[in-house]
Each structure stands twice: as structure tokens, then as C-alpha cells.
Amino acid sequence: MIRMLRAIGRWGLSRLRAAGRAGLFLLGLLPALAYPFWRVRLLLKQVYNTGTLSLPIILTAGLFVGMVLGLQGYNVLVDYNSEEAVGTMTALSLLRELGPVVTALLFVGRAGSALTAEIGLMRSTEQLSALEMMAVDPVRFIFAPRFVAVVLVVPLLTLIFTALGILGGYLVAVGWLGVDDGAFWSQMTAHVDWQDDVVNGVIKSVVFAVWIAVVALFQGEEAPPTSEGVSYATTRTVVQGSLGVLALDFVLTALMFN
Amino acid sequence: MDKQAKIELGVGVLVVLAAAALFMLAMKVSNFAAVAQDRPTYTLKAHFDNIGGLKVRAPVKLSGVVIGRVSSIGIDRSNYRALVTMKIDRAYELPADTSAAILTSGLLGDQYIGLEPGGDDEMLADGDEIELTQSALVLEDLIGQFLVKMSDSKGDDK
């Protein structure tokens, strides 16, 4: 009994300690965040790695999610003779929830895991220590550009995902199922609010981006310098990143749309 | 192509795509274009007995054409009736005896304010009130009235 309580306590303390270390890590990162804007080359390389290389998966996923939404929405709405509302439904669900969330989930898997693996390997091959030996600050040189790149890229990818999803819905609803073209767009414009829907969706994606960046970089930094350690750290990034995004999404939705 | 050029090209593609997406979301999907235009408006008020499901930003229509939006909905404390303020496009002047009704677009559609212009020579100015109003149709009330009438006519038969 006592032993079990002790085990729970030990587990809780280690969690707390990890959370504290992550907080300190983020705090140490903050003063270096302006640095990548002076060294644009470093930033561009990370934007390319995390953003441009994620484009194919974001484009395909966006198109297909939109097409599925169009199809499902049509099937339900046609019973109420209001199949024109399929555009509104697709646009609202993509802008408010699916766009930011699915983009963030895909991004964790596509780029977050890669970031963790990269930094974990840098640590295990002592590249980070080597940089410090050369008086190059790894926080400014390695971590800050990656953090800034992720926070910049995820909202951009979300916008692309959402726009393409709406086009996918349009393709299915208007091109295939014969919903009226004009009604599709005009209903959408009438019901989608710039401030409430578009801007809030982008705010969500920025919050997700900060979470993903902290998790991915911190797990890389924390990874034990073995091949097994790096592989565990990568897994943890994907799990914690995805669960965190879902939990944050619930909180943000409750705050924004109530 | 050297590596730096490839990276710059890739980032350029990403940014251009995102800008195009933002433009589409602003212009075609959301009401950003309408909000950004922000044409000069004037304010009208109207009291209603019951506004039904009318919402802020609901359209104000004249002969089916949207000429304004509902800007706020509240209760007038002096007489406990609903007070609706709306912003009307300055381009449209309305006679002083214009009437307002809360209508529904379609069976399940959203509610809006329909204006019916009168024949007065005087025009409504900023801050004026529309005196003639007609409340929203509440389905439950209608059914209630219908039931009462049904039972009345049955009573007559006996």
C-alpha cells in the first residue's frame, strides 16, 4: 500500500519536474526568439523543412477532407431540401475545427517528429556540445529558428488546408452532386464571419503551433543519447503533441464559441 | 539550382499559396469584403412585441434587397418591448410611415426584417423610429390559436 502510494508520488514528481524543465526551456528560448529574423537564412531553411515539405500531405488531406464533408453534408441536408447549406457547413467546420486541428495533427506527425529526431541525434552525437565549445549558442542557432519557423508555418498551412478543403467541398457539391453554384457561395458568405470564424481559426492554429514547437524541441533536448532514447522521444512528441492539440482545441472552442 | 535557391523557391511557393488561401477565405468565403467596405449608414429604431429568433447582424431587406443590418437587440425598459436598432445604407432613404415586419426566409431559414415603404413625403432621419411594426410569427402561438378555433367551432356544432 505504502509502496504503491510512493510509486504514484514518484511518478507525479517526475511529471512535475519534466513540466518545470519544459517551462524553463521555453523561458530560456524566449529572449532568443528575435534572433532568427537577423539570420534569415537559418529561418528560411527551417521554414522550408517544416513547411514546404509538409505541403503535399496538407494539400491532399485538405482536398479529401473537404470532399468528404461535401458528400456527407449533402446526404444529410438533401433530406431537408436545403442542400445549398452544404457550402456553409463545409466552410464553418473547416474554419473552426477541422482546419486548425487536422493540420496540427498532420504537422506533428510530419514535421514535429522529424524535429525531435533531429535534435535528439544532435545531442547524442554531441553536436550541441560542439557548438557550445565553438562559442555558438545552440539556443539561438538551433532551437530559436525551429521554434519561430513552426509558429509561422502552421497558421500558413492551416489557411491552405482550409481553402483547399472548401474547394474540395465545392468540387463535390457543385461539380458532382449538382448544388447551385451561386447559392453555394452566397450562403457561405452570409453565414461565415471574418472575425468570429476565420480569425479565431488562425488564433487556434497559432496556439497549436506553440504547443507543438515546445513539445518537439523539448523532447529532442530531453532524449537520452541512445538510438532507443531518440526513438522513444519521437514517439512521445507525436503522442503528447496530438493529445495536447486536442485538449487545447476543446478549451479554445469553449472560450471562443460560447 | 543550388540549395539556397531551392529553399528560397520552396518558401516562396508556401507563402504565395497561403496568401492565395487567405485571399479566398476573405473574399469568397467570409463576409470580410462586406465588412471592409463599410459604407456610410444611418441608424433606425423599432419596437417589436416579439422578435422571435432575430439575431444581431441579421439583414434588413427592402423588397428583398439587403439595405442594412440589425446592429443591436435589447429590451426597452420603459415598456418591456424589444428594441431593435438597425444600420441602413445612406443611399436608401425611407418615407416616415415605413413599416417593419420580422419575416423568415423559407420554412427553416433565418429571420430578417422586411421593410414596407409608405407614401409619406417626409423621410426617416438618423435615430428615428419606425412606428408601424409587426412581430415575428411564433409557431407555438399559431398552433395555439388554431387549436382554440378548432375547439370553438366544435362547441358551436353541439
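Residues numbered from 1 in each chain as written. Chains lettered and ligands numbered in written order. Predicted model: local features only at pLDDT ≥ 70, side-chain atom pairs only at ≥ 80, totals over all residues. Heavy atoms only, no water.

Enquirer: Talk me through empty space enclosed by the protein; I want residue IDs and the actual numbers.
Expert: Using the criterion set out here, one finds 1 cavity of 30 Å³ or more in the structure. Here the largest cavity defines a volume of roughly 50 Å³. Residue lining of the largest cavity: Leu95, Pro100, Thr158, Leu159, Thr162, Val198, Gly201 and Val202 of chain A together with Leu25 of chain B, and that is the complete set. Secondary structure elements with two or more residues in the lining of the largest cavity: α5 (86-124), α7 (138-176) and α9 (194-222) of chain A. Its residues placed into classes, the lining of the largest cavity shows 6 nonpolar, 3 polar and no charged. (1 Å grid on protein atoms, 1.4 Å probe; cavity = no way out; pocket = protein on both sides within 12 Å on 5 of 7 lines; lining within 4 Å. Points joined across faces, edges and corners; volume = space filled by probe spheres on them. Helix = DSSP H or I, 4+ residues; strand = E, 2+ residues; numbered from the N terminus. Nonpolar A, V, L, I, M, F, W, Y, C, P; charged D, E, K, R; others polar.)

Enquirer: Tell me about the pairing of strand β3 (residues 65-76) of chain B, and name the residues and values.
Expert: All names here are of chain B. As defined by bridge partners, strand β2 (residues 59-62) adjoins β3 across 4 bridges and the pair is classed as antiparallel. Residue pairing across strands places Lys61 opposite Val66, the latter belonging to β3. In textbook terms, the turn of a hairpin is the stretch between consecutive antiparallel strands, and for β2 and β3 this stretch comprises 2 residues, one of which, Ser63, has a positive phi near 55 degrees. One ladder, built from 8 bridges, connects β3 with strand β4 (residues 81-89); its direction is antiparallel. By the bridge assignment, Gly74 is partnered in β4 with Leu83. What sits between the antiparallel neighbours β3 and β4 is a turn of 4 residues, in which Tyr80 has the positive phi angle 60 degrees. (Pairing = 2+ DSSP bridges.)

Enquirer: Requested: an account of the layout of surface pockets, with residues and values cited.
Expert: Residues and elements named next belong to chain A. By volume, the second largest pocket is sized at about 450 Å³. Every element with two or more residues in the lining of the second largest pocket is listed here: α1 (2-29), α9 and α10 (227-256). For the lining of the second largest pocket, the leading source of residues is α1, giving 8 residues. Of the residues in the lining of the second largest pocket, the class split is 9 nonpolar, 4 polar and 4 charged.

Enquirer: Just give me the short version of the sheet that holds strand β7 (residues 129-130) of chain B, but keep the residues and values in it.
Expert: Backbone-to-backbone hydrogen bonds join strands into a sheet, with any given pair of strands oriented parallel or antiparallel. Residues and elements named next belong to chain B. With respect to topology, 8 strands assemble into an open sheet ordered β7-β1-β4-β3-β2-β6-β5-β8, the strand pairing being mixed. The sheet is open, and its two edges are formed by β7 and β8 (132-134), each paired on a single side. Here 6 bridges tie strand β5 (residues 99-104) to strand β6 (residues 111-116), and the two strands are oriented antiparallel to one another. Among the inter-strand pairings, Ser99 is bridged to a residue of β6, identified as Glu116.

Enquirer: Let's hear about the domain arrangement of chain B: which residues, and what values?
Expert: Its domain assignment divides chain B into domain 1 (3-33) and domain 2 (43-143). Between the C-alpha centres of domain 1 of chain B and domain 2 of chain B there is a distance of 41 Å. (Domains from an automatic or database assignment.)

Enquirer: Explain α7 of chain A to me, using residue names and the numbers behind them.
Expert: Residues and elements named next belong to chain A. Helix length check: α7 (39 residues) gives 53 Å between terminal C-alpha atoms against 57 Å at 1.5 Å per residue, within 8%. Where α7 bends most, at Ala144, the angle is about 35 degrees, and the proline Pro145 comes one to four residues later. Counting buried residues along α7, 28 of its 39 residues qualify, which places the element largely inside the surrounding structure. A side-chain oxygen of the first residue of α7 lies 3.1 Å from the backbone nitrogen of Val139; this N-cap is Asp137. (Expected span 1.5 Å × (residues − 1). Bend = angle between axes of the 7 residues up to and from the residue. Buried < 20%, exposed > 50% of the residue type's maximum accessible area, 1.4 Å probe, protein only. Polar contact = N/O pair within 3.5 Å; in protein donor to acceptor, adjacent residues only side chain to side chain.)

Enquirer: Would you mind going over the interface of chain A and chain B in detail, with residue names and values included?
Expert: The partner chain B presents 23 residues to the 27 residues of chain A that form the contact. Between chain A and chain B the total buried area reaches about 2300 Å² when both faces are included, carbon and sulfur atoms providing 78% of it. Put simply, chain A and chain B have 0 salt bridges between them. Put simply, chain A and chain B have 2 residue pairs in polar contact (both at pLDDT 80 or more) between them. Listing elements by their share of the side of chain A that touches chain B, those giving two or more residues are α3 (40-50), α5, α7, α8 (181-191) and α9 of chain A. With 9 residues, the single largest contributor to the side of chain A that touches chain B is α7 of chain A. (Contact = heavy atoms within 4.5 Å. Buried area = accessible area lost by both parts, 1.4 Å probe. Salt bridge = Lys/Arg side-chain N within 4 Å of Asp/Glu carboxyl O.)

Enquirer: Kindly report on the pattern of salt bridges, identifying the contributing residues and their values.
Expert: Applying the stated criterion across every chain, the model contains 7 salt bridges over all chains. Ionic pairing is found between Arg146 of chain A and Glu118 of chain A, a salt bridge with its closest N-O pair at 2.9 Å. Within this pair, whereas Arg146 of chain A is found in helix α7, its partner Glu118 of chain A is found in helix α5, the two being separated by 28 residues in sequence. Ionic pairing is found between Arg81 of chain B and Asp49 of chain B, a salt bridge with its closest N-O pair at 2.9 Å. Remark: Asp49 of chain B occurs in the loop between β1 (41-48) and β2 and Arg81 of chain B occurs in strand β4; sequence separation between them is 32 residues. Residue classification places Arg81 of chain B among the partly exposed residues on the basis of a relative accessible area of 27%.

Enquirer: An account of α9 of chain A is requested, with residue identities and associated values reported.
Expert: The end-to-end C-alpha distance of α9 of chain A is 41 Å, a good match for the 42 Å that 29 residues give at a rise of 1.5 Å each. At the N-terminal end of α9 of chain A, a side-chain oxygen is found 3.3 Å from the backbone nitrogen of Gln195 of chain A, two or three residues along, and the residue is Asp193 of chain A.

Enquirer: Outline unusual backbone geometry, supporting the account with residue identities and numerical values.
Expert: Residues and elements named next belong to chain B. One non-glycine residue with positive phi stands out, namely Ser63, at about 55 degrees. Relative to the helices and strands, Ser63 resides in the loop between β2 and β3. We note that Tyr80 has phi near 60 degrees; this positive angle belongs to a residue other than glycine. For Tyr80, the position within the fold is in the loop between β3 and β4. Look at Tyr80 and you get exposed, because its relative accessible area is 70%.

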